[in-house]
Amino acid sequence: MQELGADVLASQRFQDAWKIPHHGNVSVAIHSLHVAKESLRLARWLNRHGGHVNEKDAVCSSLLHDIGMTERVIHKSKPWVKAYTHPTRGSTLAEEEYHVNAVQADAIKRHMWPICVIPPRHLTGWIVTAADKISSMKEVLGNQKTTPVLQEKDGVGKHDGIL
Ligand SMILES: [Fe+2]
Ligand SMILES: [Fe+2]
(Lines give C-alpha, C1' and ligand atoms only; values in the text may rest on other atoms or scores of the structure.)
(Ligands and ions follow the chains in the order given, each with its own letter.)
Protein backbone atom coordinates (compact mmCIF):
# COMPACT_ATOMS: atom_id res chain seq x y z
CA MET A 1 0.00 0.00 0.00
CA GLN A 2 2.90 2.38 0.60
CA GLU A 3 3.68 2.29 -3.13
CA LEU A 4 0.09 3.20 -4.02
CA GLY A 5 0.17 6.32 -1.85
CA ALA A 6 3.88 7.17 -1.92
CA ASP A 7 3.49 10.65 -3.40
CA VAL A 8 0.87 11.64 -0.85
CA LEU A 9 2.77 10.19 2.11
CA ALA A 10 5.92 12.11 1.16
CA SER A 11 4.17 15.45 0.62
CA GLN A 12 4.64 18.37 2.99
CA ARG A 13 0.92 18.77 3.55
CA PHE A 14 0.57 15.15 4.63
CA GLN A 15 3.58 15.60 6.90
CA ASP A 16 1.74 18.53 8.48
CA ALA A 17 -1.22 16.21 9.10
CA TRP A 18 0.85 14.20 11.61
CA LYS A 19 0.63 17.16 13.98
CA ILE A 20 -3.09 17.86 13.70
CA PRO A 21 -5.27 16.05 16.25
CA HIS A 22 -8.45 14.44 14.97
CA HIS A 23 -10.18 11.79 17.08
CA GLY A 24 -8.78 11.98 20.59
CA ASN A 25 -5.07 11.18 20.38
CA VAL A 26 -5.26 10.13 16.76
CA SER A 27 -3.83 12.62 14.28
CA VAL A 28 -5.31 13.37 10.87
CA ALA A 29 -2.39 11.44 9.32
CA ILE A 30 -2.90 8.33 11.42
CA HIS A 31 -6.64 8.42 10.87
CA SER A 32 -6.09 8.76 7.11
CA LEU A 33 -3.75 5.77 7.14
CA HIS A 34 -6.35 3.75 9.02
CA VAL A 35 -8.94 4.71 6.41
CA ALA A 36 -6.56 3.83 3.56
CA LYS A 37 -5.90 0.41 5.04
CA GLU A 38 -9.61 -0.24 5.51
CA SER A 39 -10.44 1.00 2.00
CA LEU A 40 -7.81 -1.24 0.47
CA ARG A 41 -9.19 -4.19 2.38
CA LEU A 42 -12.71 -3.43 1.11
CA ALA A 43 -11.51 -2.81 -2.46
CA ARG A 44 -9.60 -6.08 -2.57
CA TRP A 45 -12.57 -7.98 -1.19
CA LEU A 46 -14.83 -6.46 -3.85
CA ASN A 47 -12.30 -7.19 -6.58
CA ARG A 48 -12.11 -10.82 -5.49
CA HIS A 49 -15.89 -10.94 -5.92
CA GLY A 50 -16.09 -9.49 -9.41
CA GLY A 51 -15.56 -5.80 -8.64
CA HIS A 52 -13.37 -3.42 -10.61
CA VAL A 53 -12.10 -1.00 -7.98
CA ASN A 54 -8.87 0.83 -8.75
CA GLU A 55 -6.72 0.26 -5.67
CA LYS A 56 -4.67 3.41 -6.18
CA ASP A 57 -7.84 5.51 -6.33
CA ALA A 58 -9.04 3.89 -3.10
CA VAL A 59 -5.74 4.44 -1.26
CA CYS A 60 -5.00 7.98 -2.49
CA SER A 61 -8.49 9.31 -1.90
CA SER A 62 -8.44 7.76 1.57
CA LEU A 63 -5.10 9.33 2.43
CA LEU A 64 -6.42 12.69 1.21
CA HIS A 65 -10.03 12.50 2.39
CA ASP A 66 -9.40 14.74 5.43
CA ILE A 67 -6.57 16.81 3.94
CA GLY A 68 -8.88 19.84 4.21
CA MET A 69 -8.23 19.66 7.96
CA THR A 70 -4.68 20.87 7.35
CA GLU A 71 -6.08 24.32 6.58
CA ARG A 72 -5.80 26.23 9.83
CA VAL A 73 -9.04 28.15 9.34
CA ILE A 74 -10.92 24.86 8.97
CA HIS A 75 -9.11 22.98 11.70
CA LYS A 76 -9.82 25.77 14.19
CA SER A 77 -13.48 26.15 13.28
CA LYS A 78 -16.45 24.79 15.21
CA PRO A 79 -17.12 21.05 14.72
CA TRP A 80 -20.26 21.50 12.63
CA VAL A 81 -18.53 24.06 10.39
CA LYS A 82 -15.54 21.75 10.03
CA ALA A 83 -17.80 18.83 9.12
CA TYR A 84 -19.28 20.71 6.19
CA THR A 85 -16.21 22.57 4.93
CA HIS A 86 -13.31 20.11 5.09
CA PRO A 87 -14.55 17.74 2.34
CA THR A 88 -15.02 20.52 -0.21
CA ARG A 89 -11.78 22.28 0.66
CA GLY A 90 -9.96 18.94 0.75
CA SER A 91 -11.21 18.03 -2.70
CA THR A 92 -10.00 21.37 -4.08
CA LEU A 93 -6.59 20.99 -2.42
CA ALA A 94 -6.28 17.45 -3.73
CA GLU A 95 -6.98 18.60 -7.27
CA GLU A 96 -4.66 21.61 -7.08
CA GLU A 97 -1.74 20.07 -5.21
CA TYR A 98 -2.00 16.33 -5.91
CA HIS A 99 -3.72 16.44 -9.32
CA VAL A 100 -6.14 13.71 -8.31
CA ASN A 101 -8.54 12.34 -10.92
CA ALA A 102 -12.31 12.88 -10.89
CA VAL A 103 -13.02 9.63 -9.02
CA GLN A 104 -10.64 10.54 -6.19
CA ALA A 105 -11.86 14.14 -6.04
CA ASP A 106 -15.46 12.95 -5.75
CA ALA A 107 -14.56 10.43 -3.02
CA ILE A 108 -12.90 13.18 -0.98
CA LYS A 109 -15.73 15.67 -1.55
CA ARG A 110 -18.52 13.23 -0.64
CA HIS A 111 -17.00 11.17 2.18
CA MET A 112 -19.09 12.94 4.83
CA TRP A 113 -22.33 11.51 3.47
CA PRO A 114 -24.98 11.42 4.95
CA ILE A 115 -24.06 14.50 7.04
CA CYS A 116 -23.34 16.22 3.76
CA VAL A 117 -26.39 15.12 1.81
CA ILE A 118 -24.96 14.57 -1.69
CA PRO A 119 -23.69 10.97 -1.91
CA PRO A 120 -20.55 9.73 -3.72
CA ARG A 121 -20.91 9.16 -7.47
CA HIS A 122 -18.51 6.22 -7.71
CA LEU A 123 -17.93 2.96 -5.87
CA THR A 124 -14.55 4.26 -4.66
CA GLY A 125 -16.36 7.06 -2.88
CA TRP A 126 -18.66 4.61 -1.14
CA ILE A 127 -15.66 2.57 -0.04
CA VAL A 128 -13.91 5.63 1.43
CA THR A 129 -17.13 6.76 3.11
CA ALA A 130 -17.58 3.35 4.75
CA ALA A 131 -13.89 2.99 5.66
CA ASP A 132 -13.92 6.46 7.26
CA LYS A 133 -16.83 5.55 9.50
CA ILE A 134 -15.40 2.15 10.45
CA SER A 135 -11.98 3.66 11.26
CA SER A 136 -13.45 6.60 13.17
CA MET A 137 -15.52 4.27 15.30
CA LYS A 138 -12.48 2.11 16.12
CA GLU A 139 -10.42 5.19 16.98
CA VAL A 140 -13.08 6.69 19.22
CA LEU A 141 -13.53 3.36 21.00
CA GLY A 142 -9.75 2.94 21.31
CA ASN A 143 -10.08 -0.26 19.36
CA GLN A 144 -7.49 0.45 16.66
CA LYS A 145 -4.64 -1.91 17.44
CA THR A 146 -1.97 -0.10 15.44
CA THR A 147 -2.59 3.36 16.87
CA PRO A 148 -0.41 3.36 20.02
CA VAL A 149 2.69 2.39 18.06
CA LEU A 150 2.07 5.21 15.67
CA GLN A 151 1.67 7.96 18.24
CA GLU A 152 5.27 7.92 19.38
CA LYS A 153 6.69 10.56 17.08
CA ASP A 154 6.06 12.44 13.88
CA GLY A 155 7.35 11.81 10.42
CA VAL A 156 7.64 9.47 7.47
CA GLY A 157 8.08 5.88 8.50
CA LYS A 158 5.48 6.02 11.24
CA HIS A 159 3.03 4.35 8.93
CA ASP A 160 5.06 1.14 8.85
CA GLY A 161 2.84 -0.46 11.45
CA ILE A 162 -0.32 0.26 9.51
CA LEU A 163 0.51 -0.42 5.88
FE1 LIG B 1 -13.70 13.80 7.09
FE1 LIG C 1 -12.06 10.96 8.18
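None of the values given here were measured: they were computed from a predicted structure.

1. Here we look at the pattern of salt bridges
One pass over the full model with this rule turns up 7 salt bridges. Two residues, E71 and R13, come together in a salt bridge whose shortest N-O distance is 3.2 Å. Of this pair, E71 sits in the loop between α4 (55-64) and α5 (72-75) while R13 sits in helix α2 (residues 12-17); the two residues are 58 residues apart in sequence, bridging distant segments of the chain. We note that E71, like R13, is buried. Notably, a salt bridge pairs R44 with E55, separated by 3.3 Å at the nearest N-O pair. One end of the pair, R44, is in helix α3 (residues 28-48); the other, E55, is in helix α4, with 11 residues separating them in the sequence. Relative accessible area serves as the criterion here: at 38%, R44 is assigned to the partly exposed category. If you follow the salt bridges from partner to partner, you end up with R13, E71, R89 and E97 in one network.

Calculation notes
Residues numbered from 1 in each chain as written. Chains lettered and ligands numbered in written order. Predicted model: local features only at pLDDT ≥ 70, side-chain atom pairs only at ≥ 80, totals over all residues. Heavy atoms only, no water. Salt bridge = Lys/Arg side-chain N within 4 Å of Asp/Glu carboxyl O. Helix = DSSP H or I, 4+ residues; strand = E, 2+ residues; numbered from the N terminus. Buried < 20%, exposed > 50% of the residue type's maximum accessible area, 1.4 Å probe, protein only.

Keep in mind that these numbers describe shape and distance, not what the molecule does.
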